[in-house]
There are 2 protein chains.
Amino acid sequence: MSISVIPPYSQPSRNRQVLLVERPRGIPAPHHFALDEGPVPSPGEGQLLVRNIYLSVDPAQRGWAADVANYAEPVAIGAVMRALAVGVIVESRHPGYRPGEFIYGWLGWQDYGVIAPAQILCHVKNPAVPLSAYAGVLGMNGATAYLGLTKLGRPRAGDTVLVSTAGGAVGSVVGQIARNLGCRTLGLTGTDAKVALCQQRFGYDLAINYKSAPVAELLATHLADGADVFFDNVGGPVLDAGLRAMRVGGRVVQCGTASVASWNPPPEGPRNEREVLTRRLVWSGFVIFDHLADFAGAVAELEAMVVAGTLHYEEDIDPSIDSAPGAIEALYAGENVGKKLIYIG
Amino acid sequence: MSISVIPPYSQPSRNRQVLLVERPRGIPAPHHFALDEGPVPSPGEGQLLVRNIYLSVDPAQRGWAADVANYAEPVAIGAVMRALAVGVIVESRHPGYRPGEFIYGWLGWQDYGVIAPAQILCHVKNPAVPLSAYAGVLGMNGATAYLGLTKLGRPRAGDTVLVSTAGGAVGSVVGQIARNLGCRTLGLTGTDAKVALCQQRFGYDLAINYKSAPVAELLATHLADGADVFFDNVGGPVLDAGLRAMRVGGRVVQCGTASVASWNPPPEGPRNEREVLTRRLVWSGFVIFDHLADFAGAVAELEAMVVAGTLHYEEDIDPSIDSAPGAIEALYAGENVGKKLIYIG
């Protein structure tokens, strides 16, 4: 992206930060955070000062804020909330990076981040693609969809692919990649508006409002022949019903468990091991951080689809960092349509 | 095996059969079966008449007798109970088979079976190995252990492998193959006598009586570093505890669900999808019938281990077909030590 297309991002003289001040037991709510303000930090040798532009809001932040065994170290109490963001380098003390370059990485919920190059996930290169896309469809969400589906779900042309949170930042990409691969796609989503979005914008062969009837009944009706791949972001009763709709040899990708409010203690549900056995499922857990070596390649594939017009995305952009403390709660409530971002440029 | 080592098997003039007469809802009990007697059948063109010698008793027979969605067609009411057995061909109407040859296949719980060659799983070839072994350690149980462990469990030298029903017909082979591959092995079994058997005979690094304390506590103590592979034959609370003792990236092989008395309706248990996700497990269902192309190769590997003395087995042999109706129930009660067979030669 050439310097000429950079909008005139403000450069505030203070650094607003969203701090985690209380450990959530379930879904993080506004009172777990506090807005703070401090001086603009200075990069050390080898570091970069980045002016953040689009802050990402992700279901995974719930896990990062929790203090239970997980796939990431918990965010410390009093620290800036861990978050991905797209930003522009405003000061570089690393020979490989120049001011004006746009990057996507671990910048946190704050105006300015000081980071080392290792905290960059992706360089923003293509001026034909809006900057915000790199925080969603071409960021962690898109790469999660691409790598989770292709590496663990392993769809083949003609397969039937079931997707939960089908209209979400990850699910919508899963559905479109599967369709692009020649699969039949069935999406589960939570509102009639999202059903329409899934079918009209994201190209699902069929989308269903999973709240309109018991999920098992909906799948018995609309997925009578079964699914070969189930990309699940929610767990809970939707997962249970999906497992029981799998074909023999099906692949289940567990990418999230967003429907379950608390895991301490784990809630009960119907035992699923007999489904694993008799359907010979392969049920795998996917966490993007195991696949960072493939991240750039996935983004390149997704970027090509966006440019070619075969991968669409929606965004739900809040205009102020003031909305951050309530953003994760709103995300879990399913209030957003499209990738939830906070614009602070 | 040359004709000279054939013991003088009797050739009764009538064919005793164990019929399934009532559909079990859970574990098959004696009243679900009836002993019947009919004429010795005659093979048709291309068929073989086989005098059965060792009838196999397997946990999987519960599923074959059930009338629920499963991986095999249910045994019809009034039909001979489906079973594997080792027998000797007494009449052949197929050019590829001669009387006196020993085979292992789908012969049923009866004195004589009439089968086509497609119902043969394995030819019995090695006179250095007792005939009964081909109904267990060199039959479906051994092949299940070998293929389930190597293809789905994928152990590497140095891995820790957890096995349930560690002293059973499948589990004991899993433990020994894992040990032979350079893994550390931890076995769960249900009596102190079987603990001793697992450690002294089957070479487990450690075996635990899972009834001696809550399984989660036992694993916290004895598996504090976690397992890379969990070969589970039981499901239920043992599975739940095992999942929570897995290392990141661990492989869970679901080979049976013997601890669960009834699946209609499925009992409840703690939700396990968050374990799949955060530990990035690969949890797969194994049914040997998906792997029949690899069966003979697996048996050859196992036979070599038996001959080399690196694979031991135990047998629990009933001397009469009269015990068949109660045999599955006894198996689920864990009364046998070693592979349960019925000798009817």
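Residues numbered from 1 in each chain as written. Chains lettered and ligands numbered in written order. Predicted model: local features only at pLDDT ≥ 70, side-chain atom pairs only at ≥ 80, totals over all residues.

Asker: Whenever I open this one, the packing of helix α2 (residues 140-153) of chain B against helix α3 (residues 171-180) of chain B confuses me. Can you help?
Answerer: Packed helices, taken two at a time, are described by the angle between their axes plus the distance between the axes. Residue and element names in this part refer to chain B. Following both chains from N to C, one finds α2 and α3 inclined at 45°, their axes separated by 8 Å at the closest point. The orientation of α2 with respect to α3, classified from their angle, is oblique. Relative to α3, α2 is oriented so that their crossing is right-handed. Along its contact with α2, which presents N141, G142, A145, Y146 and L149, the element α3 presents V173, V174, I177 and A178. For the contact of α2 with α3, the class distribution of residues is seven nonpolar, two polar and no charged. (Axes fitted to C-alpha atoms, helices over the stretch in contact; angles between N-to-C directions. Helix = DSSP H or I, 4+ residues; strand = E, 2+ residues; numbered from the N terminus. Parallel < 35°, antiparallel > 145°, perpendicular 65-115°, else oblique. Left-handed = near helix turned anticlockwise from the far one by under 90°. Contact = placed C-beta atoms within 7 Å. Nonpolar A, V, L, I, M, F, W, Y, C, P; charged D, E, K, R; others polar.)

Asker: So what exactly am I meant to see when it comes to the interface of chain A and chain B here?
Answerer: For an interface, size is often stated in terms of accessible area lost upon the parts coming together. On the chain B side, the residues contacting the 31 residues of chain A number 30 residues. At the level of secondary structure, the elements contributing two or more residues to the side of chain A that touches chain B comprise β13 (268-270), α7 (273-278) and β14 (282-285) of chain A. Take the side of chain A that touches chain B: its biggest share by element is five residues, from α7(A). The residue makeup of the side of chain A that touches chain B, split by class, is 14 nonpolar, ten polar and seven charged. Where β14(A) lies against strand β14 (residues 282-285) of chain B, three bridges are found, and the strand directions are antiparallel. Bridged to W283(A) within β14(B) is W283(B). (Pairing = 2+ DSSP bridges.)

Asker: Is there a simple way to think about the packing of α2(B) against helix α8 (residues 295-308) of chain B in this case?
Answerer: All names here are of chain B. In contact at an axis separation of 9 Å, α2 and α8 are set at 95° when each is read in the N-to-C sense. With respect to α8, the element α2 is oriented roughly perpendicular. Here G142, A143, Y146 and L147 of α2 come into contact with α8, specifically with F295, A298, V299, E301 and L302. Its residues placed into classes, the contact of α2 with α8 shows seven nonpolar, one polar and one charged.

Asker: Even after reading the chapter, I still don't get the relation of the copies chain A and chain B, so can you show me in this structure?
Answerer: The relation between the two chain copies is a rotation about an axis coupled with a shift along that axis. Rotating chain A by 180° about the axis while translating it 0.0 Å along that axis superimposes it on chain B, leaving an RMSD of 0.0 Å. In short, the pair behaves as if placed about a two-fold rotation axis. The position closest to the rotation axis in chain A is occupied by the C-alpha of W283(A), lying 2.5 Å away. The share of interface residues of chain A whose copies in chain B are also at the interface is 97%, consistent with both copies meeting through the same surface. (Least-squares fit on C-alpha atoms with pLDDT ≥ 70 in both.)

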